[in-house]
Amino acid sequence: MDGLPSLGQAQTASSSDEVNQLARFICSLIGDSIERHEVELRLARSEQEGREAERRLREQQNAAYEASLARDRERESVARAKEEQERMERQREEERQRKSLRIGELQTQWRWATLARLLAEEEREAANIDGGGPTNGEVCKLNLRLENGSRIIKTFPADVELQRLFDFVETRAVAGEWEARKETPYGPDLHS
């Protein structure tokens, strides 16, 4: 090869020129080999760097996807919690309205029943007065101003219980309806 010693000759080389020549020969072999494989090495490195870049990109995309998924789950969780809270509030409001309506119905029924009782007591008292029953002439006369601003003057026996006075005031809401139509929401008979 171009006047360079062979590897076998390198073992027997004794002079410095021969050693230098041998060193140059080895360097040229290595250089030629590097030059021949340099393109392949660059291509392999480029492919490795490309694969590494793709792997990093996938990792970044996966991390971004996972973060987005976690945010979506959190938003869904908050939305579900809010929806549940609104549903519970609607249920409570509906229950409150049902109770309020039921209480209103029961109050109205109580007022009609109490009005019937009061009218029956007044009829008995009128029968006692007209029939000569004991009254001693003592009466209690009340002048009441109702919530709607109207006034009522009502006479009661002097020994009337205070509850009867309260009941009288409470039944004024339905008494006007009875006096106007002589009929209850439960039929024409007040005493039933």
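If you're wondering where the values come from, they're calculated on a predicted model, not measured in any experiment. (Residues numbered from 1 in each chain as written. Predicted model: local features only at pLDDT ≥ 70, side-chain atom pairs only at ≥ 80, totals over all residues. Heavy atoms only, no water.)

**A word on the overall build of the protein**
Link 1 in the chain: For the protein, the count of helices and strands is 4 helices and 2 strands.
Link 2 in the chain: Secondary structure of the protein in N-to-C order comes out as α-α-β-β-α-α.
Link 3 in the chain: Split into buried and exposed, the 192 residues of the protein put 15% on the buried side.
Link 4 in the chain: Of the contacts made within the protein by residues no fewer than 6 positions apart, 46% connect residues no fewer than 24 positions apart.
Link 5 in the chain: Of the roughly 15,300 Å² of accessible surface on the protein, 51% is carried by carbon and sulfur atoms. (Helix = DSSP H or I, 4+ residues; strand = E, 2+ residues; numbered from the N terminus. Buried < 20%, exposed > 50% of the residue type's maximum accessible area, 1.4 Å probe, protein only. Contact = heavy atoms within 4.5 Å. Areas by Shrake-Rupley, 256 points an atom, 1.4 Å probe, with all protein chains shown as cover.)

**Points about the side chain of Asp-167**
Link 1 in the chain: As for its position among the elements, Asp-167 is in helix H3 (residues 162–170).
Link 2 in the chain: On the basis of relative accessible area, Asp-167 is assigned to the buried category, the value being 5%.
Link 3 in the chain: Every residue in contact with Asp-167, bar those within four places of it in the chain, is listed here: Trp-110, Thr-114, Arg-117 and Leu-118.

**Description of the pattern of salt bridges**
Link 1 in the chain: The full count for this structure, using the stated rule, is 15 salt bridges.
Link 2 in the chain: Its salt-bridge partner being Arg-117, residue Asp-167 comes within 2.6 Å of it at the nearest N-O pair. Linking Asp-167 in helix H3 with Arg-117 in helix H2 (residues 16–130), this pair joins segments that are 50 residues apart in sequence.
Link 3 in the chain: Look at the salt bridges and you will find they share partners, linking Glu-52, Arg-55, Arg-56 and Glu-59 into a network. (Salt bridge = Lys/Arg side-chain N within 4 Å of Asp/Glu carboxyl O.)

**A look at H3**
Link 1 in the chain: Those residues of H3 not exposed but buried are Arg-164, Leu-165, Asp-167 and Phe-168. The buried side chains of H3 occupy one side of the element, clustering within an arc of 165 degrees when seen end-on. (Arc of directions from axis to C-beta.)

**Digging into the packing of aromatic side chains**
Link 1 in the chain: For the structure shown, the criterion picks out 1 aromatic pair.
Link 2 in the chain: Centroid distance Phe-156 to Phe-168: 5.4 Å. Interplanar angle 85 degrees. Geometry classified as edge-to-face. Residue Phe-156 is found in strand S2 (residues 151–157), and its partner Phe-168 is found in helix H3; the two are separated by 12 residues along the sequence.
Link 3 in the chain: Owing to a relative accessible area of 4%, Phe-168 belongs among the buried residues under this scheme. (Phe/Tyr/Trp six-rings, centres within 6.5 Å; stacked < 30°, edge-to-face > 60°.)

**Let's talk about the nonpolar core**
Link 1 in the chain: By size, the foremost hydrophobic cluster in this structure holds 8 residues: Leu-118, Leu-144, Leu-146, Ile-152, Phe-156, Val-160, Leu-165 and Phe-168.
Link 2 in the chain: Contributing elements (two or more residues each) for this core: S2 and H3.
Link 3 in the chain: When near neighbours in sequence (up to four residues on either side) are disregarded, Leu-146 contacts Ile-152, Val-169 and Arg-172.
Link 4 in the chain: Counting 5 residues, the second-largest nonpolar core is a separate cluster that includes Leu-115, Val-174, Ala-175 and Trp-178. (Core = buried A, V, L, I, M, F, W, Y, C linked by side-chain atoms within 4.5 Å.)

**Section: the pairing of strand S1 (residues 139–145)**
Link 1 in the chain: Of the pairings in the sheet, the one linking S1 to S2 comprises 7 bridges and is antiparallel in character. When the sheet's bridge partners are listed, Arg-145 is paired in S2 with Arg-151.
Link 2 in the chain: Between S1 and S2, which pair antiparallel one after the other, the connecting turn spans 5 residues, and Gly-149 there sits at a positive phi close to 95 degrees. (Pairing = 2+ DSSP bridges.)

**A look at the confidence of the model for the protein**
When pLDDT is low, close inspection of the predicted coordinates is not appropriate.
Link 1 in the chain: Confidence in the prediction of the protein, expressed as mean pLDDT, is 82, and 83% of residues score 70 or more.
Link 2 in the chain: Of all the helices and strands in the protein, helix H1 (residues 7–12) carries the lowest mean pLDDT, 53, while H2 carries the highest, 89. (pLDDT = per-residue confidence, 0-100.)

**Describing the environment of Arg-151**
Link 1 in the chain: Structurally, Arg-151 can be placed in strand S2.
Link 2 in the chain: Of the polar contacts made by the side chain of Arg-151, one reaches the side chain of Asn-143; its length is 3.4 Å. (Polar contact = N/O pair within 3.5 Å; in protein donor to acceptor, adjacent residues only side chain to side chain.)

**A short note on the side chain of Glu-121**
Link 1 in the chain: Its place among the elements puts Glu-121 in helix H2.
Link 2 in the chain: Glu-121 gets classed as buried once you look at its relative accessible area, which sits at 17%.
Link 3 in the chain: In terms of polar contacts, Glu-121 uses its side chain to reach the side chain of Arg-164, at 3.3 Å.

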